[in-house]
Amino acid sequence: MKALETSLALTEAATEPSDEALCHAFLAGDEAAFGTLVERHRTLVFSLMRRYTTRPEDAADLAQQAFLRALEASRRVFSRWSPSGPAPFRAWLIRIALNLAKNHARQGRRWLQVVDVPETEAPGESAHDTLERAEQEQRVRAAVLALPRRQREVLTLRVDGGLGFRDIAETLGITETNAKVNFHHAVKRLRAQVAETPEEER
């Protein structure tokens, strides 16, 4: 039974249309195709935005704006892509999301405010543990926000987006080696900052 379920799941995954197919279908008049693209990449875009905001609500709002901007520009952009060639939808969408996130950052909207303490505690977690976890999350987020722009972008795409270095390079318009170097320096900086955190603050 388990083998059958696995086989069915693999078959279903194999029959899902690619981003390229969905883009071309939308351009041909299939309005639902864009909705499928949104659902497919919703989690990725939200994760990227979460790195640039202190509240989930702000990240959700920015993610929605990203998809709206993508929809507004979709027919114009999709028409430039070759019908028989690749349609780099994900890379294009990520660029839109990153631009919005950077604009949000420049406006300084609540970036360094204290993260709201969750109203409900995790199972088996005391109020003190909940507060400590919230403070730790805020410290890590502040450390990520303090990274140089390029390092933060590469780190976000690698960790939250799950992109390979080749995809990151294509998205940001840099070389694959440059993407790897920026990721290495970002991780090194974060580790150094964590190591410098006073013992009483941990």
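Residues numbered from 1 in each chain as written. Predicted model: local features only at pLDDT ≥ 70, side-chain atom pairs only at ≥ 80, totals over all residues. Heavy atoms only, no water.

A closer look at the overall build of the chain
- Looking only at helices and strands, the chain has nine helices and zero strands in total.
- Ordering the α and β elements of the chain from the N terminus gives α-α-α-α-α-α-α-α-α.
- Classification of the 202 residues of the chain by burial places 37% in the buried group.
- Within the chain, counting contacts between residues at least 6 apart in sequence, those at least 24 apart form 62% of the total. (Helix = DSSP H or I, 4+ residues; strand = E, 2+ residues; numbered from the N terminus. Buried < 20%, exposed > 50% of the residue type's maximum accessible area, 1.4 Å probe, protein only. Contact = heavy atoms within 4.5 Å.)

Focus on the environment of Arg40
- Position of Arg40 relative to the elements: it lies in helix 3 (residues 32-50).
- For Arg40, a relative accessible area of 31% puts it in the partly exposed group.
- Note: C-alpha distance between Arg40 and Arg90 (50 residues apart in sequence) is 9.9 Å.
- With sequence-adjacent residues up to four places away left out, Arg40 is seen in contact with Glu16, Pro17, Ser18, Asp19 and Leu22.

Considerations on the nonpolar core
- Counting 41 residues, the largest nonpolar core has Phe34, Val45, Met49, Phe78, Phe89, Trp92 and Ile168 as its most contacted members.
- Beyond its immediate stretch of four places on either side in the chain, Phe78 contacts Cys23, Phe26, Leu27, Phe34, Phe89 and Trp92.
- Counting six residues, the second largest nonpolar core, distinct from the first, contains Ala143, Val144, Leu155 and Ala186. (Core = buried A, V, L, I, M, F, W, Y, C linked by side-chain atoms within 4.5 Å.)

So, the side chain of Thr171
- With respect to the secondary-structure elements, Thr171 resides in helix 8 (residues 165-172).
- Assessed through its relative accessible area of 3%, Thr171 is described here as buried.
- A polar side-chain atom of Thr171 sits 2.8 Å from the main-chain carbonyl oxygen of Asp167.
- If we skip the residues at most four places from it in the chain, Thr171 touches Ala91, Ile94, Arg95, Leu157 and Leu163. (Polar contact = N/O pair within 3.5 Å; in protein donor to acceptor, adjacent residues only side chain to side chain.)

Here's the deal with the packing of helix 2 (residues 19-27) against helix 4 (residues 56-78)
- As a packed pair, helix 2 and helix 4 sit with axes 10 Å apart at the nearest point and diverge in direction by 95°. With respect to helix 4, the axis of helix 2 lies roughly perpendicular. Between helix 2, through Cys23, Phe26 and Leu27, and helix 4, the contact on the second element is made entirely by Leu71, Ser74, Arg75 and Phe78.
- Grouping the amino acids of the contact of helix 2 with helix 4 by side-chain chemistry returns five nonpolar, one polar and one charged. (Axes fitted to C-alpha atoms, helices over the stretch in contact; angles between N-to-C directions. Parallel < 35°, antiparallel > 145°, perpendicular 65-115°, else oblique. Nonpolar A, V, L, I, M, F, W, Y, C, P; charged D, E, K, R; others polar.)

Observations regarding the environment of Ala60
- By the secondary structure assignment, Ala60 is in helix 4.
- Given the relative accessible area of 38%, Ala60 is considered partly exposed.
- With eleven residues separating them in the primary sequence, Ala60 and Met49 have C-alpha atoms 7.6 Å apart.

A few points about the packing of aromatic side chains
- Throughout the structure, instances matching the rule amount to nine aromatic pairs.
- Considering the side-chain rings of Phe26 and Phe34, the 5.4 Å spacing of their centres and the 45° angle between planes classify their relative orientation as tilted. There is no split in this pair, since Phe26 and Phe34 are both buried.
- A centroid spacing of 5.0 Å and a plane angle of 25° characterise the contact between Phe78 and Trp81, whose relative ring orientation is stacked. Grouping residues by exposure puts Phe78 and Trp81 together as buried.
- Every member of this aromatic cluster is reached through a ring pair, and the members are Phe26, Phe34, Phe78, Trp81, Phe89 and Trp92.
- Directly above the aromatic system of Phe26 lies the positively charged group of Arg75, at a separation of 4.3 Å from the ring centroid.
- For Arg158, the ring lying beneath its charged end belongs to Phe165, and the centroid distance is 4.3 Å. (Phe/Tyr/Trp six-rings, centres within 6.5 Å; stacked < 30°, edge-to-face > 60°. Lys NZ or Arg CZ within 6 Å of the ring centre and 35° of its normal.)

Purely geometric numbers; function is a separate question.
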